[in-house]
Amino acid sequence: MMKLMLQTREQKRGRISFLFLVLGLLLLVDKSWAASKSISSKVISSTNAVVHTNSNDKNSRNRPATRGHRHYYPIPAMLQDLSILDECQGQIPLLSPTNWKRDGSYTKSWTKKDWEHHQVNSFQRYSRHLIKWIISPTARSVLPAVAMFLGWSVLVVHVMQQYPHLTKKASFLSGLSSFTAPLSLLLALKTNRALNRLLEARSMWGKMISNTKSLAQLVTIYVWNKDSDRAILMGRYLSLYLWFMKGYFRQEDATPIITTLLPPEEAAWLLNLPSDMPLPTATVWRLRQLMAGGLIEKLPRTASHAMEDRLWHLESIFGTLKRIMGSPIPPTYTRHTSRVLCLFLGLLPVALMGNKTEPTTIYIMVSLLAYIFVGIDEIGVEIEHPFPLIPMFYLARAAQTNVQNQYRALQLQQSRRL
């Protein structure tokens, strides 16, 4: 009986100790689970904090910076890329000035010093022009034609001296001098028309500069507050627009500046465009697309209308320049003028011999008249095609600087809010 009671007590003690052991194990498991839950909650909270911080950094470009917080601004990156273009000037054809061999003084943008040098008194001006006559590009281009008519005069004089009876038959050409008036009129009309083409093309480039500057102002004022990334992309395209125009009319490759200033996806899109879609047209199309992509509804109506008006003007100016490029002065007019001029200068020594003029006088008169009339015709042909003469490099650089200054002003305003 005593043994049975002892065995029962031992069994109870074993059961109690087993229960305590199970409870201890449960408490240990519960503590470890709680600890792991605490650690995981901390990781999740820290991850959310990182995501929230990145979201703030991304969205901070759409609102002004606050004092005590460091936000990301894409303007310095754009200005740095534009400075790279400045460093590349003179190293690639598109970013190099073109001083045309015929008139290097017009293919640059004049300064106050140039005007002072140009507007000196008449004695200094005439003296300088006479001294530099021998290196004049126009004179060099005219001299072959003058030499041709001079050689023709020598041949006519020699033949008519060998056959004196021809001198009497040439007396009917004594009234040849009366043809100088209609010939001068032909040359004057052609030269005036060519000069009008040059002035129209030059004014179109001036309007492009003002329109890109105005559009950059509208983008930095209105678009920046709504979508800064889009404003930066539009600024990059506006900085390139006149360079694209120079590349189109001078047949210069724009690939280096495209890959330098535009993001890779934008550069790939431009470089893969069809060959019949010029870069200026594609730029206007892309700017209009950036405006239409959910941005017009956010802008004031006056701002969106003003921006569309500037884009329309850029498109219209490009069309006008293409018209000037594709429609010269009617070649029939040029051919007729050249033929009349050759007829006059060819018959002039014959008429002078009929009037018994001295051979030396004939040579001098024919050479001078050939230089004058052929020179006027050469100038008309030269300025008829205005695009080699327009200082496109300086105008494109001025447009880039104007756009650059708008974003510098915006950057300065943003930094003052810090």
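Residues numbered from 1 in each chain as written. Predicted model: local features only at pLDDT ≥ 70, side-chain atom pairs only at ≥ 80, totals over all residues. Heavy atoms only, no water.

Peer 1: So what about the packing of helix α8 (residues 228-250) against helix α12 (residues 301-326)? Which residues, and what values?
Peer 2: Packing of α8 against α12 leaves a shortest axis separation of 12 Å and a crossing angle of 10°. Taken together, the axis directions place α8 and α12 in an arrangement best described as roughly parallel. Where α8 approaches α12, its residues Met234, Tyr241, Met245, Tyr248 and Phe249 are matched on the opposing element by Met307, Leu314, Phe318, Leu321, Lys322 and Met325. Looking at the contact of α8 with α12, its residues break down into 10 nonpolar, no polar and one charged. (Axes fitted to C-alpha atoms, helices over the stretch in contact; angles between N-to-C directions. Helix = DSSP H or I, 4+ residues; strand = E, 2+ residues; numbered from the N terminus. Parallel < 35°, antiparallel > 145°, perpendicular 65-115°, else oblique. Contact = heavy atoms within 4.5 Å. Nonpolar A, V, L, I, M, F, W, Y, C, P; charged D, E, K, R; others polar.)

Peer 1: Talk me through the packing of helix α2 (residues 75-87) against α8; I want residue IDs and the actual numbers.
Peer 2: The N-to-C vectors of α2 and α8 enclose an angle of 15°; their axes lie 10 Å apart at closest approach. The angle between the axes of α2 and α8 places the two elements in the roughly parallel class. The handedness of the crossing between α2 and α8 comes out as right-handed. Contacts from Ile75, Ala77, Met78, Asp81, Leu82 and Leu85 in α2 reach Ile232, Gly235, Arg236, Ser239 and Leu240 in α8. (Left-handed = near helix turned anticlockwise from the far one by under 90°.)

Peer 1: Help me get a handle on the layout of surface pockets, residues and values and all.
Peer 2: Unoccupied space between atoms shows up once a probe the size of one water molecule is rolled over them. The calculated volume of the second largest pocket comes to roughly 360 Å³. Lining of the second largest pocket is provided by 19 residues; of these, Glu252, Ala254, Met277, Pro278 and Leu279 occupy positions nearest its centre. Ranked by residues supplied to the lining of the second largest pocket, first place goes to α8 with four residues. Residue composition of the lining of the second largest pocket, grouped by class: 13 nonpolar, four polar and two charged. (1 Å grid on protein atoms, 1.4 Å probe; cavity = no way out; pocket = protein on both sides within 12 Å on 5 of 7 lines; lining within 4 Å. Points joined across faces, edges and corners; volume = space filled by probe spheres on them.)

Peer 1: Describe the pattern of salt bridges, listing the residues and the values that go with them.
Peer 2: Inspection of the entire model under this criterion finds 10 salt bridges. A salt bridge links aspartate 377 to lysine 190; its shortest N-O distance comes to 3.0 Å. Within this pair, whereas aspartate 377 is found in helix α14 (residues 359-384), its partner lysine 190 is found in helix α7 (residues 180-226), the two being separated by 187 residues in sequence. For glutamate 315, the salt bridge is made with arginine 288, and the minimal N-O distance between the two is 3.6 Å. Taken together, the residues span a long stretch of sequence, with glutamate 315 in helix α12 and arginine 288 in helix α11 (residues 279-292) at a distance of 27 residues. With relative accessibility at 39%, the residue glutamate 315 sits in the partly exposed group. (Salt bridge = Lys/Arg side-chain N within 4 Å of Asp/Glu carboxyl O. Buried < 20%, exposed > 50% of the residue type's maximum accessible area, 1.4 Å probe, protein only.)

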